[in-house]
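Listed below, chain by chain, are the residues.
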Amino acid sequence: MRKITVVQVLPALESGGVERGTLEVAKYLVEHGHRSLVISAGGRMVEQLTREGSEHVTWDLGAKSPLTLRHIPRLRRFLQDQAVDILHVRSRMPAWVCYLAWRGMDPRRRPRFITTVHGLYSVNAYSAIMARGERVIAVSETVREYLLKHYPALEPRRIIVIPRGVDPSVYRYGYRPPQQWLERWFAQYPELKGKKILTLPGRITRLKGHEDFIDLIGRLVAMGEPVHGLIVGGAVDSKQTYLSEVKNKVVKAGLHDRITFTGHRADLREIIAISDVVLSLSSKPESYGRTVLEALSMGVPVIGYDHGGVGEQLGQMFPEGRVPVGAMDSLVRRYQDIQALGRIKPRASPPTLQQMLDSTLSAYMDLLS
């Protein structure tokens, strides 16, 4: 197989599903003898990226400012000097910078341009850049339908559906954390002992359903259910005010001893594994739910709002977990139905990480050929 040079571009490498997917593809490329570069503003995941054999270039192409366009000439020279074969963009502002740099290159010598649509973005001229890839990767059928509906100029043949995947050897069915981890965990959070643990994973942002989660815990506590809520995820500087709002809501609801904020955790797999139920309550439909797949792969029940990629995933693998958006009474009843199940067996196996990686490299090679 021909050895290629791939540049992936995204705003930063702090945390999140897009970022993890970038590292997974980068590692896979290196393992197969290809050269992998990533351009971002940096973050806590850079160390892992470089340790696994990729190169990192620290440019902030994600800042929503006209000044970001100053990177276009430098990026164009970089793509030429590094003889890049594939330019793979995963976010809108970086996509504009990359597209404008790419468009100004000699078509016979420039890399092939690929976008991955990770979100159901607002439909406008700014978002339309994600439909301009020579190939457009959709992370779910939900995203494919969104693209076809809102961007009629995008030919269906240019769209490739590559679902996000999980590694079943890492998120294996029935996984339980080692005893040493459990001892440390319950020493840090003794309030969780003897409780049914409901976990809401994800970064602290206004659309992730934290208010509904607090209301759910409040209702279950009032009914005498022995539950404890976990809010797992960090908040960037711009979201600190919202985090304070959420914490104040917990206190006002009298739930300060029934809901725990863990902040960012590197051991989310272990936290999901000891959870009785994982929740996905975003008020806005999402393109897919990585933690939904991870939980179901381990056999942990998931309850989520029935829209977007999460509704798609639950419909395929665990339809019992679907709840209409905002239907709090249904959410309470669904928890009561599901919490006694223990580990569940999904109706279909979650897509695997290997399938996702093989399909991504195939997309690169097909476009180059």
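Structure: see above.
Residues numbered from 1 in each chain as written. Predicted model: local features only at pLDDT ≥ 70, side-chain atom pairs only at ≥ 80, totals over all residues. Heavy atoms only, no water.

Q: Tell me about the pairing of strand β9 (residues 227-232), residues and numbers included.
A: Among the six residues that make up β9, six are buried, leaving the element largely enclosed by the rest of the structure. Burial of β9 is two-sided: the residues V227, G229 and I231 facing one way and the residues H228, L230 and V232 facing the other way are all buried. Examined bridge by bridge, strand β8 (residues 196-201) and β9 share six bridges and lie parallel to one another. Counted as the bridge partner of I197 is H228 from β9. Assessed by its sense of winding, the connection that carries the chain from β8 through helix α7 (residues 210-222) to β9 is right-handed. Strand direction decides the pairing type here: β9 and strand β10 (residues 259-263), joined by four bridges, are parallel. Across the sheet, residue L230 finds its bridge partner in β10, namely T260. For the handedness criterion, the β-α-β arrangement of β9, helix α8 (residues 240-252) and β10 is classed as right-handed. (Buried < 20%, exposed > 50% of the residue type's maximum accessible area, 1.4 Å probe, protein only. Helix = DSSP H or I, 4+ residues; strand = E, 2+ residues; numbered from the N terminus. Pairing = 2+ DSSP bridges. Right-handed = clockwise from strand over helix to strand, strands pointing away.)

Q: Talk me through the side chain of H34; I want residue IDs and the actual numbers.
A: By the secondary structure assignment, H34 is in the loop between α1 (17-31) and β2 (35-40). For H34, the side chain forms a polar contact with the main-chain nitrogen of I4, separated by 3.1 Å. Setting aside anything within four residues of it in sequence, one finds H34 in contact with M1, R2, K3, I4, L29, L361 and M365. (Polar contact = N/O pair within 3.5 Å; in protein donor to acceptor, adjacent residues only side chain to side chain. Contact = heavy atoms within 4.5 Å.)

Q: How would you sum up the packing of aromatic side chains? Please name residues and give values.
A: One pair of aromatic rings is described through two measures. These are the centre distance and the angle between the planes. This structure, assessed with the given rule, holds seven aromatic pairs. Pairing Y146 with Y151 gives two aromatic rings, centres 6.1 Å apart and planes at 70°, and the pair type is edge-to-face. Here the two residues Y146 and Y151 agree in accessibility, since each one is buried. Connected via pairs of aromatic rings, a cluster forms that spans Y99, W102 and F113. (Phe/Tyr/Trp six-rings, centres within 6.5 Å; stacked < 30°, edge-to-face > 60°.)

Q: Lay out the packing of helix α10 (residues 290-298) against helix α11 (residues 308-317) with the relevant residues and their values.
A: For any two helices packed against each other, the geometry is given by the interaxial angle and the distance between the axes. At a minimum axis distance of 9 Å, the contact between α10 and α11 shows a crossing angle of 20°. Classified by the interaxial angle, the pair formed by α10 and α11 is roughly parallel. The way α10 lies across α11 gives a crossing that is right-handed. Only V310, Q313, L314 and M317 of α11 make contact with α10, whose side of the interface consists of V292, L293 and L296. Across the contact of α10 with α11, the residue classes tally to six nonpolar, one polar and no charged. (Axes fitted to C-alpha atoms, helices over the stretch in contact; angles between N-to-C directions. Parallel < 35°, antiparallel > 145°, perpendicular 65-115°, else oblique. Left-handed = near helix turned anticlockwise from the far one by under 90°. Nonpolar A, V, L, I, M, F, W, Y, C, P; charged D, E, K, R; others polar.)

Q: Can you tell me about the pairing of β8, naming the residues and giving the values?
A: Of all six residues making up β8, five are buried, and the element is well covered by its neighbours. Note that β8 and strand β11 (residues 277-280) share two bridges and pair parallel. Note on β11: the bridge partner recorded for T199 is V278.

Q: Explain the nonpolar core to me, using residue names and the numbers behind them.
A: In terms of nonpolar packing, the biggest core is built from 57 residues, with L198, L279 and L331 touching the most fellow members. By size, the runner-up hydrophobic cluster in this structure holds 41 residues, among which are L61, M105, V143 and I159. (Core = buried A, V, L, I, M, F, W, Y, C linked by side-chain atoms within 4.5 Å.)

Q: Would you mind going over helix α12 (residues 328-338) in detail, with residue names and values included?
A: Because each turn of an α-helix spans 3.6 residues, side chains separated by three or four positions in sequence point in the same direction. Of the residues making up α12, those classed as buried are M328, S330, L331, V332, Y335 and I338. Lining the buried residues of α12 we find β8, α7, β9, β11, β12 (302-305) and β13 (322-323).

Q: Residue-level account of the pattern of salt bridges, with values.
A: Under the definition given, this model contains 18 salt bridges. In this structure, the salt-bridge partner of E24 is R290, at a minimum N-O distance of 3.2 Å. One end of the pair, E24, is in helix α1; the other, R290, is in helix α10, with 266 residues separating them in the sequence. With a relative accessible area of 8%, R290 lands in the buried category. (Salt bridge = Lys/Arg side-chain N within 4 Å of Asp/Glu carboxyl O.)

As far as function goes, none of this settles anything; it's purely spatial.
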